[in-house]
Amino acid sequence: TLAQVPDSIYHQRLYHLCKIWGFVKYHHSEIANGNVNWDDELINRIPGIKSAPNNQAFNDSLLLFINSAGETSIGEGEIPEVPDSLNLIKDWTWMSDEVLSMEVQDKLNYIKEQFRPMLHVKIGQDSISKKTIFKDHGYNNISYYPEEEVRALALYRYWNCINYYFPYKLIMDKKWDTTLVESIPNIIQAANKDEYHLAIKELSVKINDSHSYMESAVYRRIRGIIYTTFSTKYIDGQMVVDKVLEIEENIKFGDIVLEVDNVNTQLLRDSLLRYASGSNNISVETDLSNILLWGQE
């Protein structure tokens, strides 16, 4: 029987594991070269990290995990000088957290010192747009509600992509570390596929960007696949009809939507706001209105 630790401790461990997994993924030569399946290593290590009876055992598991990547080699290139204002990853203080043993800290610092910019099998570039492409693929026979370890992998992949590559990380409404802390229980404790997909949707809007997009068959079913014959704009605290299809006879331009399915629109907006993406209030309000007007019928 595996030991049981309080959820608060387990979630704290998952926080540190996310930071370590992502850091090693993007800074270790053996993973960059494709010689180590870092996803598999994570999946296999989580149960032991979850059941570690104390902090020393947790750190022992972390050390085994990091060492499973093998010996990293120093690159030939030079680390570019980046102004602090543009350096998304200048804060390495998490590596010195008192939860981490000196052996783990030393190992992480060693990898950081050895790192030089290099080609990476998980990162590419679109030949036309020149945009960065992440080459992570579905994990095994992925289901709509995968096991806990794979849900953690999904969170870790997304969080670290944003952490190391999203150019606007430093001007988000909330620190990206805080989003990680908040997202871990939502995703790990999701009791079914609906809760899991909604937790991922909620995570995706935290970057405060209108380009944020999350789609799945499960989310489409929850949201609904049918839209109204009209659209609205949020004006002076009211959902005001701004466009109407010709086939609609009962609703006019300028009408105000007070309720949807007998529920006050403001109550609905408050409950759905966490799923609306946008880079400013107007775009968030537009997306929120769209979400509210989708339905099953």
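This write-up is about the structure you can find in this document. As the structure is a prediction and not an experimental result, all values here were calculated from the model. (Residues numbered from 1 in each chain as written. Predicted model: local features only at pLDDT ≥ 70, side-chain atom pairs only at ≥ 80, totals over all residues. Heavy atoms only, no water.)

Some points on the pattern of salt bridges
A complete count under the given rule lists 13 salt bridges for this structure. The partner of Arg45 in a salt bridge is Glu41, and the shortest N-O contact between them spans 3.9 Å. Note that Arg45 and Glu41 are positioned in helix 3 (residues 38-51) at a spacing of four residues, about one turn of the helix. Between Glu148 and Lys50 there is a salt bridge; the shortest N-O distance is 3.2 Å. With Glu148 in helix 6 (residues 148-165) and Lys50 in helix 3, this pair connects stretches of sequence that are 98 residues apart. Linked by salt bridges that have partners in common, Lys25, Lys122 and Asp136 make up one network. (Salt bridge = Lys/Arg side-chain N within 4 Å of Asp/Glu carboxyl O. Helix = DSSP H or I, 4+ residues; strand = E, 2+ residues; numbered from the N terminus.)

Topic: the side chain of Thr72
Locating Thr72 in the fold gives a position in the loop between helix 4 (55-67) and helix 5 (102-114). The exposure class assigned to Thr72 is buried, which follows from its relative accessible area of 5%. Polar contacts involving the side chain of Thr72 include one to the main-chain amide nitrogen of Ser29, which spans 3.1 Å. Look past the residues within four positions of Thr72 in its chain and what remains in contact with it is His27, His28, Ser29, Tyr110, Ile111 and Gln114. (Buried < 20%, exposed > 50% of the residue type's maximum accessible area, 1.4 Å probe, protein only. Polar contact = N/O pair within 3.5 Å; in protein donor to acceptor, adjacent residues only side chain to side chain. Contact = heavy atoms within 4.5 Å.)

Examining empty space enclosed by the protein
A water-sized probe, rolled over the atoms, reveals where empty space remains. What the rule picks out here adds up to one cavity of 30 Å³ or more. Estimated volume of the largest cavity: approximately 30 Å³. Elements that contribute at least two residues to the lining of the largest cavity include exactly helix 7 (176-188) and helix 8 (193-204). Partitioning the lining of the largest cavity into residue classes produces three nonpolar, two polar and two charged. (1 Å grid on protein atoms, 1.4 Å probe; cavity = no way out; pocket = protein on both sides within 12 Å on 5 of 7 lines; lining within 4 Å. Points joined across faces, edges and corners; volume = space filled by probe spheres on them. Nonpolar A, V, L, I, M, F, W, Y, C, P; charged D, E, K, R; others polar.)

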